[in-house]
Amino acid sequence: MSDARRRSPLHGRSEISSGEAATVREHAFLGKLVLRGAPGDIAPALRELTGTAGPEDACRSASSNGRSVLWIGPDEHWLVVPAETEIELARDLDSRLAGVRHHVVDVTDYHVAIGLSGTKAWEVLAKLTPFDVHPKAFAVGAVAGTVIGRGQGVLWRPAEGSALDSDYIVFIRSSMADYLWCLLAEAGRQFGMTPETPIGGETWRLAR
Amino acid sequence: MFVITCPYCGERDQAEFVSGGQAHRTRPLNAHEMSDADWGDWVFMRDNPKGIFAERWFHSAGCRRWFNALRNTATDQFLAFYPMGEAPPAVEAVLPATPAGEAPIGSGNDAVKVMRPGESEGTTT
Ligand SMILES: [Zn+2]
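Rules used throughout
Residues numbered from 1 in each chain as written. Chains lettered and ligands numbered in written order. Predicted model: local features only at pLDDT ≥ 70, side-chain atom pairs only at ≥ 80, totals over all residues. Heavy atoms only, no water. Helix = DSSP H or I, 4+ residues; strand = E, 2+ residues; numbered from the N terminus. Buried < 20%, exposed > 50% of the residue type's maximum accessible area, 1.4 Å probe, protein only. Contact = heavy atoms within 4.5 Å. Areas by Shrake-Rupley, 256 points an atom, 1.4 Å probe, with all protein chains shown as cover. Pairing = 2+ DSSP bridges. Core = buried A, V, L, I, M, F, W, Y, C linked by side-chain atoms within 4.5 Å. 1 Å grid on protein atoms, 1.4 Å probe; cavity = no way out; pocket = protein on both sides within 12 Å on 5 of 7 lines; lining within 4 Å. Points joined across faces, edges and corners; volume = space filled by probe spheres on them. Nonpolar A, V, L, I, M, F, W, Y, C, P; charged D, E, K, R; others polar. Domains from an automatic or database assignment. Buried area = accessible area lost by both parts, 1.4 Å probe. Salt bridge = Lys/Arg side-chain N within 4 Å of Asp/Glu carboxyl O. Polar contact = N/O pair within 3.5 Å; in protein donor to acceptor, adjacent residues only side chain to side chain.

## Observations concerning the overall build of chain A
Moving on, step 1. Helices and strands together make up the secondary structure of chain A, namely four helices and 11 strands.
Moving on, step 2. If one aligns the C-alpha atoms of chain A with their principal axes, the spans along those axes are about 55 × 40 × 25 Å.
Moving on, step 3. Here chain A holds 208 residues, and the buried ones make up 50% of them.
Moving on, step 4. Of all intrachain contacts in chain A linking residues separated by at least 6 positions in sequence, the fraction that spans at least 24 positions is 59%.
Moving on, step 5. Entry remark: accessible area of chain A is about 9800 Å², with carbon and sulfur atoms responsible for 48%.

## Examining the pairing of strand β5 (residues 66-72) of chain B
All names here are of chain B.
Moving on, step 1. The buried fraction of β5 amounts to six of the seven residues, a majority that puts the element mostly inside the structure.
Moving on, step 2. With seven bridges joining them, strand β4 (residues 52-58) and β5 adopt antiparallel strand pairing. Bridging from a neighbouring strand, F58 pairs with W66 of β5.
Moving on, step 3. Two strands pair when backbone bridges link them, and β5 and strand β6 (residues 77-83) are joined in this way by six bridges, in the antiparallel orientation. Among the inter-strand pairings, A69 is bridged to a residue of β6, identified as F81.
Moving on, step 4. Linking β5 back to β6 in an antiparallel pair, the connection comprises four residues, with D76 at a positive phi of about 60°.

## Considering the nonpolar core
Moving on, step 1. Counting residues in each nonpolar core, the largest one holds 33 residues, and the members touching the most others are I114, L116, L180 and L184 of chain A.
Moving on, step 2. If sequence neighbours within four positions are ignored, I114 of chain A has contacts with L10, V24, R25, E26, Y168, I169, V170, I172, A177, L180, W181 and L184 of chain A.

## Comments concerning the layout of surface pockets
Moving on, step 1. Roughly 350 Å³ of volume is contained in the largest pocket.
Moving on, step 2. Together, 28 residues line the largest pocket, and I72, E76, W78 and R173 of chain A together with R64 of chain B are the ones closest to its centre.
Moving on, step 3. Every element with two or more residues in the lining of the largest pocket is listed here: β3 (31-36), β5 (67-73), β6 (76-81), β7 (103-106), β9 (143-148), β10 (151-156) and β11 (168-173) of chain A.
Moving on, step 4. Class assignment for the residues of the lining of the largest pocket results in 16 nonpolar, seven polar and five charged.
Moving on, step 5. The residues that make up the lining of the largest pocket include at least three from each of domain 1 (14-29 + 110-199) and domain 2 (30-108) of chain A.

## Some points on the interface of chain B and chain A
Moving on, step 1. Opposite the 12 residues of chain B that make contact, chain A presents 18 residues.
Moving on, step 2. Across the chain B to chain A interface the summed buried area is about 1100 Å²; carbon plus sulfur atoms make up 51%.
Moving on, step 3. Among the residues chain B hides against chain A, the three largest losses belong to R12, A61 and R65 of chain B. Together they make up 43% of the total.
Moving on, step 4. Our enumeration of links across chain B and chain A arrives at three salt bridges.
Moving on, step 5. A salt bridge links E76 of chain A to R64 of chain B, with the nearest nitrogen and oxygen atoms 2.8 Å apart.
Moving on, step 6. At the boundary of chain B with chain A, the tally comes to five residue pairs in polar contact (both at pLDDT 80 or more).
Moving on, step 7. Of the residues contributing to the side of chain B that touches chain A, the split by class is five nonpolar, two polar and five charged.

## Some words on the domain arrangement of chain A
Residues and elements named next belong to chain A.
Moving on, step 1. Taken domain by domain, chain A holds domain 1 (14-29 + 110-199) and domain 2 (30-108).
Moving on, step 2. Placing a centre on the C-alpha atoms of domain 1 and another on those of domain 2 gives a separation of 23 Å.
Moving on, step 3. Taken together, the contact between domain 1 and domain 2 spans 18 residues of the former and 21 residues of the latter.
Moving on, step 4. Taken together, the two surfaces of domain 1 and domain 2 that pack against each other cover about 1500 Å², and 63% of this comes from carbon and sulfur.
Moving on, step 5. Of all residues in domain 1, F29, H111 and V143 give up the largest surface area on contact with domain 2, accounting jointly for 36% of the area buried on that side.
Moving on, step 6. Along the contact surface separating domain 1 from domain 2 lie zero salt bridges.

What follows is the structure, encoded as structure tokens:
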């Protein structure tokens, strides 16, 4: 299925890092599905197909063997799975949930996943969002839809079972991915990150 | 800025929400029989009380769900949050409705300002 012509909105960017403090990288082509349906109805199919029945609490995630189920709303979950496995999973879910009120949409190319790691990663994020991202408030496994910079996105702290090696993942709509990438670099300047120039050529500074 | 409690996500910053205006408005079923004035009232006119007001809020950046809230419009204090389709819960609000003790009409209207004990003419709060 892999096609060499497939390009991410961030294909021109490569990992930026300031050593231990913070690293920003893209998790390109990470599979993402939106699954709507009553949690009780979809849990058996989820357990069968992803290895987890989904998180029990709001604003949490559950992961197993590289497949994660994120709580997005009372009847809405995101499935985050390894690249190129999402199409098959969507098909399997649809057939497994036949007769159950649900819908599955592949949003792999709609959202871009940007990963943040490092001892100062939360401080970089904290400059861009009103949500409390301190590790004490936003623990491993937590999910939060919130405002990030001038855009809206979903913040996630992937647990071990997700097989993702970033401390924080930010899901942002693809058209805003480059904006957020450069904004993260700007937010990380305090910790030694080098600035990135937006594709559009705009120049801005975070107020400080 | 203030903190709003989404019934699904918990306490979040106001920046994540969109206000949906007055709650519990029911679209008239006899629109074809209504006069222009009555229809205009339904479309354009909203209550604007000073005090407890039931309104709809949308957690647009979070779980993207609508819910209702009771807010004291004079103090911006939220008194209750409840799901769409439910009747507003009874709440006990402490009046006067504003911290500065203005009259129960208008806002900052000094011409009708209520003087509180110990407050003298010309004092600004
Ligand atoms: Zn919410």
